[in-house]
Amino acid sequence: MRSVIDILDLSVSELDALIATAEDIIAHPADYAEKCHGKKLATLFFEPSTRTRMSFEAAMYELGGNVLSMTDAASSSASKGESVADTAKVISCYADIIAMRHPKEGAALVAANNASIPVINAGDGGHCHPTQTLADLLTIWREKKRFSGLTVGLCGDLKFGRTVHSLINALSRYEDMRFVLISPTELKLPSYVKEESLKAKNIPYRQTTSLEEAMPELDVLYMTRVQKERFFNEEDYLRLKDSYILDPAKMTLGRDDLIVMHPLPRVNEISVAVDKDPRACYFKQVLNGKYMRMALILKLLEEAAS
Ligand code: NCD
């Protein structure tokens with residue numbers, strides 16, 4: 001059974017096909033309105049979420065399918081001590097596909113190994129978040145019309161930010177990419193991501209603590225929230241949370257064709273005044289996420305049926 005746990009579970013040509021499907025959905029939504037008629041998506045969210053869960057649910061409704069939703073881990077059987085493996089087996093009896101978010105790294109893989117239906121990882125701890133990357137890729141594609149020859153700056157919590165890890169893994173497969181990793185020293189990109197993607201593929205990157213210094217060279221700036229829930233102590237979080245604040249003054253240092261992205265939720269890292277700058281793409285990214293989730297649900301259900 002095909003599941004998507006890591007963005008690397010999808011080949012580059014599959015990503016291209018998902019983008020093409022999403023573009024077709026945007027152009028002809030009515031053609032997709034009944035594609036998943038009679039199918040059920042179960043959303044199992046063991047960690048707080050608004051946009052990702054609703055994005056999956058909206059995606060399934062727009063495909064004409066139905067949704068079974070678990071929104072509160074405290075009121076689920078997990079609070080009685082049920083394992084992720086058992087939950088996956090049980091939900092396989094009710095639904096056709098699962099989207100799961102869990103605070104533990106690897107939980108989605110355990111679910112996939114035990115489910116008899118496809119599992120989509122909607123975020124596993126500080127590890128990865130492949131469907132956010134699908135949203136990010138469609139956004140870059142729609143705004144830039146290419147994935148090669150881009151200088152991408154990632155700024156903020158590169159240590160715990162799972163969206164950053166998945167995006168670097170995905171973009172590392174394209175030609176002529178460069179990364180600028182902008183973070184406080186304590187929140188640098190984990191070495192396993194550097195080793196497996198950047199170093200393994202000889203991709204040029206540099207690390208800096210200065211957003212101002214990086215701004216002029218970027219095609220894409222990907223801002224992230226400091227991941228409060230992954231910190232061991234409040235003091236460190238409070239010290240680091242406002243390390244970077246993108247405001248109109250810093251935007252003047254960026255190129256005219258820069259695009260600014262953020263997986264949201266935003267806390268303080270982009271000032272609201274930036275929202276009206278035409279280079280701000282983070283709300284478009286939200287919509288793109290729904291279309292890419294539609295494309296992915298469709299693909300996995302079609303594969304499961306064949
Ligand atoms: C991200 C996540 O959950 O990792 N949010 C999301 O899915 N849109 C980013 C975050 O929470 O900071």
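All values derive from a computational prediction rather than experimental measurement. (Residues numbered from 1 in each chain as written. Predicted model: local features only at pLDDT ≥ 70, side-chain atom pairs only at ≥ 80, totals over all residues. Heavy atoms only, no water.)

> Just give me the short version of the site of the ligand, but keep the residues and values in it.
Residues in contact with the ligand, as listed here, are R51, T52, R101, H129, Q132, R162, T163, R225, Q227, P263, L264 and P265. Between the ligand and the protein, one listed contact pairs a nitrogen atom with a side-chain N or O atom of Q132 at 3.4 Å. Within the contact set of the ligand, an oxygen atom lies 2.8 Å away from a side-chain nitrogen or oxygen of R162. Within the residue set of the shell around the ligand, elements represented by two or more residues are α2 (51-62) and α6 (162-171). Split by residue class, the shell around the ligand holds three nonpolar, five polar and four charged. Domain assignment of the residues forming the shell around the ligand places at least three in each of domain 1 (7-128 + 288-305) and domain 2 (130-285). (Near = heavy atom within 4 Å. Polar contact = N/O pair within 3.5 Å; in protein donor to acceptor, adjacent residues only side chain to side chain. Helix = DSSP H or I, 4+ residues; strand = E, 2+ residues; numbered from the N terminus. Nonpolar A, V, L, I, M, F, W, Y, C, P; charged D, E, K, R; others polar. Domains from an automatic or database assignment.)

> How would you explain the pattern of salt bridges if you had to name every residue and give the values?
Applying the stated criterion across every chain yields a total of 23 salt bridges. Among the salt bridges present, the one from D236 reaches R239, with a minimum N-O distance of 3.1 Å. Here R239 and D236 lie together in helix α9 (residues 234-240), a separation of three residues that amounts to about one turn. A salt bridge links R255 to D257; the nearest nitrogen and oxygen atoms lie 3.5 Å apart. Judged by its relative accessible area of 32%, R255 falls in the partly exposed class. Taking the relative accessible area as the measure of exposure, D257 reaches 42% and is therefore partly exposed. (Salt bridge = Lys/Arg side-chain N within 4 Å of Asp/Glu carboxyl O. Buried < 20%, exposed > 50% of the residue type's maximum accessible area, 1.4 Å probe, protein only.)

> An account of the packing of aromatic side chains is requested, with residue identities and associated values reported.
Taken as a whole and assessed by the stated rule, the structure comprises five aromatic pairs. Consider the rings of F147 and Y174, whose centres lie 4.7 Å apart with planes at 35°: the pair is tilted. One end of the pair, F147, is in the loop between α5 (130-144) and β5 (151-155); the other, Y174, is in the loop between α6 and β6 (178-182), with 27 residues separating them in the sequence. For Y174, a relative accessible area of 14% gives the class buried. Grouped by ring-pair contacts, the aromatic residues W141, F147 and Y174 constitute a single cluster. Over the ring of Y32 we find K35, and its NZ or CZ is 5.5 Å from the ring centre. Geometry around F56 places R293 over its ring, the cationic atom sitting 5.0 Å from the centre. (Phe/Tyr/Trp six-rings, centres within 6.5 Å; stacked < 30°, edge-to-face > 60°. Lys NZ or Arg CZ within 6 Å of the ring centre and 35° of its normal.)

> Tell me about the pairing of strand β7 (residues 205-208), and name the residues and values.
Where β6 and β7 come together, four bridges link them in parallel fashion. Following the sheet pairing, F179 is matched in β7 by Y205. Crossover handedness for the path β6 to helix α7 (residues 191-199) to β7: right-handed. (Pairing = 2+ DSSP bridges. Right-handed = clockwise from strand over helix to strand, strands pointing away.)

> Account for the environment of L150, naming residues and giving values.
Topologically, L150 is positioned in the loop between α5 and β5. Take L150: its relative accessible area is 1%, and that puts it in the buried class.

> Got a sec to walk through α7? Specific residues and values, please.
Along α7, the residues that are buried comprise V193, K194, S197 and L198. Looking straight down α7, one finds that the buried residues subtend no more than 105° of arc, so they occupy a single side. Seen from the buried face of α7, the exposed residues on the opposite side, beyond 90 degrees, are S191 and E196. On the buried face of α7, the contacting elements are α6, β6 and β7. (Arc of directions from axis to C-beta. Contact = heavy atoms within 4.5 Å.)

> Help me get a handle on the sheet that holds β6, residues and values and all.
Strand order in this open sheet of five strands is β7-β6-β5-β8-β9, and the pairing throughout is parallel. Here the strands that pair on one side only, and so sit at the sheet edges, are β7 and β9 (259-261). Put simply, the sheet's adjacent strands are angled 15° from each other on average, direction ignored. In the sheet, strand β8 (residues 220-223) pairs with β9 via three bridges, with the strands oriented parallel. Looking across to β9, one finds that Y222 is bridged to M261. (Axes fitted to C-alpha atoms, helices over the stretch in contact; angles between N-to-C directions.)

> Lay out the packing of helix α3 (residues 84-91) against helix α4 (residues 107-114) in plain terms, naming residues and giving numbers.
Following both chains from N to C, one finds α3 and α4 inclined at 45°, their axes separated by 8 Å at the closest point. As judged from the angle between their axes, α3 and α4 are oblique. Handedness of the crossing formed by α3 with α4: right-handed. Together, V84, A85, A88 and K89 of α3 and A107, V110, A111 and N114 of α4 make up the contact between the two elements. When the residues that make up the contact of α3 with α4 are grouped by side-chain class, the tally is six nonpolar, one polar and one charged. (Parallel < 35°, antiparallel > 145°, perpendicular 65-115°, else oblique. Left-handed = near helix turned anticlockwise from the far one by under 90°.)

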